[in-house]
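So the chains spell out like this:
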Amino acid sequence: MKFAAAEDRLILALDVADRAAAERLVEATDGIVGVYKVGLEFAMAGGIDFAGELARSGRAVFLDMKLLDIPNTVAGATRTAGALGVKYLTVHAYPQAVRAAASARPEGLAVVAVTVLTSLADTDLTEAGYHTKVDALVSERIAAAAASGADAIVCAPFEATEAKRSGLAVITPGVRLAEDPSGDQKRVATPQQAILAGADAIVVGRPINAAPDPREAASRYRDAIVEALGAL
Ligand code: C5P
């Protein structure tokens, strides 16, 4: 998996409720953002079709469906996602789900395993019935993702160093420049910290989508990536 240019390392989360808003963001960030992510919110409002159209127009598309279902369903969804022409598809890092996606993935589609959501802290895991801490669960899921055939891992920036040791590509959400609010993200870091920790690419949503000037905001994140790459 190649992340040659700084633009390829900036994934914009198109977390919008309609196509017009997504089109505005794609147009506004043209040439600065290299990968567009379609997630659950937009998926329910035409985002899947939009993802296919974007992919056919030559853009790199990241379909963030965080699949978790029985193997037959995950495999089928992976095949139909692949037919859209998207480049990345996320699956929760449960071995069974990752194996199903990896075995069904068509050429050109990367299976990206999501370890532990960056909005979760130890107390949230306890509330969800896990008797383990975030760090330990992330480690287990990195190993499980690698052993189950994933191509890349999604984790929090400060987990990137460990994730990188798995040999897989590493993608980190939960990224904020110091001047931007963290919102519901609990395990956050700056783009520079994420790249220096080993992230190949970062996912950014609200700091760009909600900015008065999304192009200017995207440029700040792209410049931060360039700065960190220079320091590597
Ligand atoms: O707006 P913000 O920059 O927080 O958006 C982060 C994006 O990354 C969202 O689309 C969210 O669904 C996604 N994501 C995440 N944490 C994960 C996996 C994906 O925040 N572990």
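Just above, that's the structure.
Everything numeric here is computed off the predicted structure, so don't read it as measured data.

## Focus: the overall build of the protein chain
Along its length, the protein chain carries 10 helices and 8 strands. Taking 232 residues into account, the globule formula puts the C-alpha radius of gyration at 17 Å, and the protein chain, at 16 Å, falls close to it. Every one of the 232 residues in the protein chain was classed for burial, and the buried ones make up 54%. Restricting the contact set of the protein chain to residue pairs at least 6 apart, pairs at least 24 apart contribute 63%. Accessible surface for the protein chain amounts to roughly 10100 Å². Of this, 54% is attributable to carbon and sulfur atoms. The averaged location of the 29 negative side-chain charges in the protein chain is 4 Å from the averaged location of its 23 positive side-chain charges.

## Quick look at the nonpolar core
The biggest cluster of nonpolar side chains holds 67 residues, and the ones touching the most others in it are L10, L14, L63, I202 and Y221. A60, F62, V154 and V203 belong to the second-largest nonpolar core, a separate cluster that totals 16 residues.

## Topic: the site of the ligand
Close contacts around the ligand come from 18 residues, with D15, K37, T118, G205 and R206 the closest. T118 places a side-chain nitrogen or oxygen 2.8 Å from a nitrogen atom of the ligand. Measuring from an oxygen atom of the ligand, one finds a backbone N or O atom of G205 at 2.8 Å. Placement of the ligand is best described as lying within the largest pocket. Those elements that provide at least two residues to the shell around the ligand are β3 (60-67), β8 (201-204) and α9 (206-209).

## Topic: helix α3 (residues 71-84)
An α-helical turn contains 3.6 residues, so a residue and the one three or four places further along point in the same direction. The terminal C-alpha atoms of α3 lie 20 Å apart, and with 14 residues this matches the ideal 20 Å at 1.5 Å per residue to within 8%. On its buried face, α3 sits against α2 (40-56), β3, β4 (88-92) and α4 (95-104). Phi turns positive, to about 90°, at G85, one or two residues after α3.

## Things to note about empty space enclosed by the protein
In this structure the tally under the stated criterion is 1 cavity of 30 Å³ or more. Taken as a whole, the largest cavity spans an internal volume of roughly 30 Å³. K2, D8, V35, A60, K87 and Y88 are the residues that line the largest cavity.

## Focus on the layout of surface pockets
There is about 620 Å³ of room inside the largest pocket. Around the largest pocket, the lining comprises 28 residues; the ones closest to its centre are D15, K37, D64, K66 and Q185. For the lining of the largest pocket, the elements supplying multiple residues, two or more each, are α2, β3 and β8. When residues of the lining of the largest pocket are assigned to their parent elements, the largest contribution, 3 residues, is made by β3. Here the lining of the largest pocket is composed, by residue class, of 12 nonpolar, 8 polar and 8 charged.

## Considering the sheet that holds β4
What the 8 strands build is a closed barrel, ordered β1-β2-β3-β4-β5-β6-β7-β8; its pairing is parallel. Averaged over all neighbouring strand pairs, the angle between strand axes comes to 25°, with direction disregarded. Sheet analysis places strand β1 (residues 10-13) next to strand β2 (residues 35-38), joined by 3 bridges and oriented parallel. Bridge pairing in β2 places I11 opposite V35. In this fold α2 packs onto β2 and β3, with an angle of close to 145° to the strand it touches most, β3.

What counts as what
- Residues numbered from 1 in each chain as written.
- Predicted model: local features only at pLDDT ≥ 70, side-chain atom pairs only at ≥ 80, totals over all residues.
- Heavy atoms only, no water.
- Helix = DSSP H or I, 4+ residues; strand = E, 2+ residues; numbered from the N terminus.
- Rg over C-alpha atoms; globule rule 2.2 N^0.38 Å.
- Buried < 20%, exposed > 50% of the residue type's maximum accessible area, 1.4 Å probe, protein only.
- Contact = heavy atoms within 4.5 Å.
- Areas by Shrake-Rupley, 256 points an atom, 1.4 Å probe, with all protein chains shown as cover.
- Lys, Arg positive; Asp, Glu negative; His and termini not counted.
- Charge placed at Lys NZ, Arg CZ, Asp CG, Glu CD.
- Core = buried A, V, L, I, M, F, W, Y, C linked by side-chain atoms within 4.5 Å.
- Near = heavy atom within 4 Å.
- Polar contact = N/O pair within 3.5 Å; in protein donor to acceptor, adjacent residues only side chain to side chain.
- 1 Å grid on protein atoms, 1.4 Å probe; cavity = no way out; pocket = protein on both sides within 12 Å on 5 of 7 lines; lining within 4 Å.
- Sits in = over half its atoms within 2 Å of the grid points.
- Expected span 1.5 Å × (residues − 1).
- Points joined across faces, edges and corners; volume = space filled by probe spheres on them.
- Nonpolar A, V, L, I, M, F, W, Y, C, P; charged D, E, K, R; others polar.
- Pairing = 2+ DSSP bridges.
- Axes fitted to C-alpha atoms, helices over the stretch in contact; angles between N-to-C directions.

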